[in-house]
Amino acid sequence: MDVFDDFFSKDISGDSIFIDNDKPAWDRLIEGILRGDVIPVIGPGILYDGANLHDKLVEYISAKFRLSDKPKSFSELVYNYDFIRQTRNERDAIYMIMNQIFTKKFQPSRLLRELLSIRQFPFVITTSFTPLVEDAMREVWGDELRVMRFNNNPSENNDICGEADLRKPTVYYMFGKVGENARRYVLTDTDMLSFCSSWLSDTNLRPNNLVSELKNKYLLMLGNSYSDWLFRFIWYSIRKVNEGEGLYVYDVVEDGLPDFLERHHTFIRKDPEEVVGKIKKMLEDKISKNEKTKFDRVDTNTDIFISYSRSDSKIAEALYNELSARGKRVWYDRNDISYGGNFMSEIRSGIRSARYFVPIFTKHIEEERNEVHVYRNEWDEAMQVAISLGRKYIIPVSEDGFDFYKASIPEKMQQHNAIIFNQNDNMKSVADKILHIMNQE
């Protein structure tokens, strides 16, 4: 039984606002998603099927307390005379009530699940205090998911370390999370002003690394049905600059806000169903098209560069498929382009710009020890890169039965702990272990 019992589902409606000839904007969005440069910022409007979740919570509490007036927000609710009287003027009653409500499980909306099933969105910001975004992401990422929050308390606010953290499965609560103490998450207008003030400050109150990295990211705003002035506060709080691009999906747009957003390179859509559906379709088409040509030359700035012997092509392909299905950008020399004139130069660039280098070791490596193979040049380049980095970079994958630590491979390569697999593995467990290592760095 839903926590709201038989409460009605409210139809979100509004006039459609759009920019003509927006194909270039859609194309930039899709390219940005594939680069990992798009950050969804999800509000209460798409969390729950058929209604703005925050609005419905206000209605639910109003009905429980049999309020004759009909508050339209948490701010109106906490100043309602009947509510004050019934809660004995307890200032923090609303937070205790909300914490109690969320001891029960809510179901994320179908649309939210559909959006967050796109694995090219590992890092997601939510402007809602409710846990529905987290729940939907956990269905996709499981134990890989990190939970970070800003609760307006300098000793507890979370921040990222750098750009690499935006590639790790994470939900970031911009305005706190239900279950915290009073005023450690945003319910009222006063809470919102206090939080936005901290986000806009130049002190350690705000997550400076996150703000710095978001300046040049494309923000995908979905379900953030806030008033004109409040949305401007939020927009500027996230970026700290009025720059960058975005797509804003809004159910009701106040006069003036479209002009503000368009001035800042943002285009607007009314229908979140249309937006999520179009993103998924365009991504599928783009990925399918890219697959036909991506192996014609060495790709750069990938998440993972796979190095392997031609004798292990099936293993490399299976690992590539598993990692790609998890939203990672992966490259390996599938088309055997080793004889091109600029190949080694491109290989070096591909290895140097990759976040991780994954060499595959099997019995074939030992069998080929007296033969000339490009993968040994790849090892040398990767070991040079590893020396210059202060984190794990090389993640060896070694076949069970192949003595990785005694085989005729460089000693510097053997200094890295190998992930062991056997020929019967479908590479799923290997991919899981690789992602686990990546998420720990």
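The present account deals with the structure reproduced in this document. (Residues numbered from 1 in each chain as written. Predicted model: local features only at pLDDT ≥ 70, side-chain atom pairs only at ≥ 80, totals over all residues. Heavy atoms only, no water.)

Take the pairing of strand β8 (residues 304-307) next. Here β8 shows a buried face lined by I304 and I306 and a second buried face lined by F305 and S307. Relative to strand β9 (residues 330-331), β8 runs parallel, the two being bridged by two bridges. Paired with I304 across the bridge in β9 is V330. In this view, the connection linking β8 to its parallel neighbour β9 by way of helix α13 (residues 313-325) has right-handed handedness. Looking at chain direction, β8 and strand β10 (residues 356-361) are connected through four bridges and run parallel. Bridge pairing in β10 places F305 opposite F357. (Buried < 20%, exposed > 50% of the residue type's maximum accessible area, 1.4 Å probe, protein only. Helix = DSSP H or I, 4+ residues; strand = E, 2+ residues; numbered from the N terminus. Pairing = 2+ DSSP bridges. Right-handed = clockwise from strand over helix to strand, strands pointing away.)

Now for the packing of helix α14 (residues 343-353) against helix α16 (residues 374-388). Running from N to C, α14 and α16 cross one another at 40°; their axes reach a closest spacing of 10 Å. Between α14 and α16, the angle is such that the two are oblique. Here the hand of the crossing between α14 and α16 comes out right-handed. Contacts from F343, M344, I347, R348, I351 and R352 in α14 reach V374, N377, E378, E381, A382 and V385 in α16. Considered class by class, the residues forming the contact of α14 with α16 number seven nonpolar, one polar and four charged. (Axes fitted to C-alpha atoms, helices over the stretch in contact; angles between N-to-C directions. Parallel < 35°, antiparallel > 145°, perpendicular 65-115°, else oblique. Left-handed = near helix turned anticlockwise from the far one by under 90°. Contact = heavy atoms within 4.5 Å. Nonpolar A, V, L, I, M, F, W, Y, C, P; charged D, E, K, R; others polar.)

Within this structure, the stated rule accounts for 29 salt bridges. Put simply, E163 and R167 hold a salt bridge, and the shortest N to O gap is 3.7 Å. With a relative accessible area of 27%, E163 lands in the partly exposed category. For R167, a relative accessible area of 15% gives the class buried. One salt bridge in this structure joins R355 and D303, with 3.4 Å as the shortest N-O distance. Residue R355 is found in the loop between α14 and β10, and its partner D303 is found in the loop between α12 (272-293) and β8; the two are separated by 52 residues along the sequence. (Salt bridge = Lys/Arg side-chain N within 4 Å of Asp/Glu carboxyl O.)

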